[in-house]
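One letter stands for each residue in the lines below.
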Amino acid sequence: MPVITCIDDLKAIYRRRVPRMFYDYAESGSYTEGTFRENSADFQRIRLRQRVAVDMTGRTTESTMAGQKVAMPVALAPVGMTGMQSADGEIKAARAAKAFGVPFTLSTMSICSLEDVAEAIRAPFWFQLYVMRDQEFLEAIIERARRANCSALVLTLDLQILGQRHKDLKNGLSAPPRLTLPVMLDLATKWRWGLEMLRTKRRFFGNIVGHAKGVGDPSSLVAWTAEQFDPQLDWDKIARIRDLWGGKLILKGINDPEDARMAAGFGADAIIISNHGGRQLDGAVSSIRMLPEIVKAVGDQIEIHLDSGIRSGQDVLKALALGAHATYIGRAFIYGLGAMGEAGVTAALEVIRKELDVTMALCGERDVKNLGRHNLLIPQEFLQPWA
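Bear in mind the structure is a predicted one, so any value in this text is a computation, not a measurement.

(A) Here's a closer look at a nonpolar patch on the surface. There is a patch of nonpolar side chains on the surface, built from L179, L181, M184 and L185 and spanning about 440 Å² of accessible area. Relative to the helices and strands, L181 is located in helix α9 (residues 181-187). Classification of L181 as exposed rests on a relative accessible area of 57%.

(B) Layout of empty space enclosed by the protein. Evaluation of the coordinates by the stated rule reveals two cavities of 30 Å³ or more. Of the pockets and cavities examined, the largest cavity occupies roughly 40 Å³. Lining the largest cavity are Y130, V131, T156, L159, Q160, F229, D230 and L233. Taken together, the residues of the lining of the largest cavity break down into five nonpolar, two polar and one charged. Taken as a whole, the second largest cavity holds about 30 Å³ of empty space. Taken together, A77, V79, T82, E90, F104, T105, L106, S107 and F333 form the lining of the second largest cavity.

(C) Region of interest: the UniProt feature "active site" (unreviewed entry) in the protein chain. The UniProt entry lists H276 under the feature "active site" (unreviewed entry), expressed in the numbering used here. Within the secondary structure layout, H276 lies in the loop between β9 (270-273) and α14 (287-298). Within the structure, H276 has its side chain in polar contact with the side chain of D158 (distance 3.0 Å).

(D) Molecular detail of the pattern of salt bridges. With the rule as written, the count across this model stands at 19 salt bridges. Across the pair R279 and D168 runs a salt bridge whose closest N-O atoms are separated by 3.5 Å. With a gap of 111 residues between them, R279 in the loop between β9 and α14 and D168 in helix α8 (residues 166-171) connect regions that are remote in the sequence. Residue classification places R279 among the buried positions, given a relative accessible area of 7%. On the accessibility criterion, D168 (10% relative accessible area) is buried.

Rules and cut-offs
Residues numbered from 1 in each chain as written. Predicted model: local features only at pLDDT ≥ 70, side-chain atom pairs only at ≥ 80, totals over all residues. Heavy atoms only, no water. Patch = residues over 30% accessible without salt bridge, like charges linked within 9 Å, V, L, I, M, F, W, Y side chains within 5 Å. Areas by Shrake-Rupley, 256 points an atom, 1.4 Å probe, with all protein chains shown as cover. Salt bridge = Lys/Arg side-chain N within 4 Å of Asp/Glu carboxyl O. Helix = DSSP H or I, 4+ residues; strand = E, 2+ residues; numbered from the N terminus. Buried < 20%, exposed > 50% of the residue type's maximum accessible area, 1.4 Å probe, protein only. 1 Å grid on protein atoms, 1.4 Å probe; cavity = no way out; pocket = protein on both sides within 12 Å on 5 of 7 lines; lining within 4 Å. Points joined across faces, edges and corners; volume = space filled by probe spheres on them. Nonpolar A, V, L, I, M, F, W, Y, C, P; charged D, E, K, R; others polar. UniProt positions renumbered as here; feature names shortened; annotations may be inferred. Polar contact = N/O pair within 3.5 Å; in protein donor to acceptor, adjacent residues only side chain to side chain.

Here you go:
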């Protein structure tokens with residue numbers, strides 16, 4: 001195994017080993033990709049306060065997320081087509097998360113199904129739901145999540161219509177990939193990925209093919225998916241889903257104080273500040289820049305999580321110190337998965353935790369729950385109300 005010292009080490013291996021269309025799927029945003037870039041760049045503008053002559057022994061990164069004990073306040077975010085980054089990718093990531101002691105969130109648009117993951121790990125995990133127009137499918141997949149022992153439903157609110165991702169269109173993104181000449185030439189250089197894919201039966205959207213009415217193969221799936229994301233999703237429909245689920249509910253895609261106030265009075269267990277990793281509204285403000293204003297609006301009413309842009313343990317620390325209760329990594333664990341499978345996901349988590357632990361110590365803190373603004377030097381514009 002190569003020496004991994006940071007997430008960028010995993011990214012470099014990932015880029016070499018995974019077909020271009022799936023690398024581009026993860027490593028891109030919508031339109032100009034401005035929000036995609038700023039999600040990470042804005043973390044670098046926040047500085048840390050170094051403290052000395054403090055007792056650094058007995059440190060802990062343990063915390064909770066939505067009432068669940070975690071080894072560190074970092075969950076694996078839902079990422080569509082994870083099973084195309086590495087064969088049976090959702091199962092590999094779920095196993096790594098379980099062993100490490102952090103939540104794994106399965107996407108509606110996963111390759112491995114709810115049932116696949118439940119059978120493989122035999123432990124609770126979280127399920128992310130996209131709201132579809134097909135009410136029969138919607139009710140059935142919520143019931144399947146309940147039977148799979150999912151302990152929280154992560155309801156995504158920011159994908160009623162798709163933001164255009166230029167690279168996906170140009171690459172002809174599909175699962176499995178269509179064997180055009182450019183794709184075949186690329187796959188010829190990704191033999192390790194190809195051999196693993198040949199050994200698995202899971203190459204389609206496992207939560208949908210064979211479960212949605214009229215969707216029995218990949219060709220029928222394309223037509224079904226194109227018209228299924230529900231543009232009429234509103235708070236009334238969200239309330240019906242909440243009541244239908246009846247368990248822990250996390251609302252993902254909040255990136256504005258007004259929406260956060262609506263969510264806080266809604267009876268959810270947590271909100272996730274997120275702009276979908278810069279893949280939806282290009283030009284939206286980065287999640288970390290919106291965090292202080294959302295904390296100011298609802299910080300004492302609901303648990304606040306943060307997604308989008310985290311690539312290091314220092315990023316995690318900055319989010320926690322600015323008022324987030326917990327965080328999510330998406331691309332960071334995908335780099336590890338594509339680079340080295342389950343071991344790569346574990347490596348990504350270990351990198352994040354070590355960086356978080358060491359940085360916390362050098363900031364003069366021993367408990368991740370004690371982090372606060374006193375640990376940071378914050379640009380003034382991060383603290384200004386938005387017009």
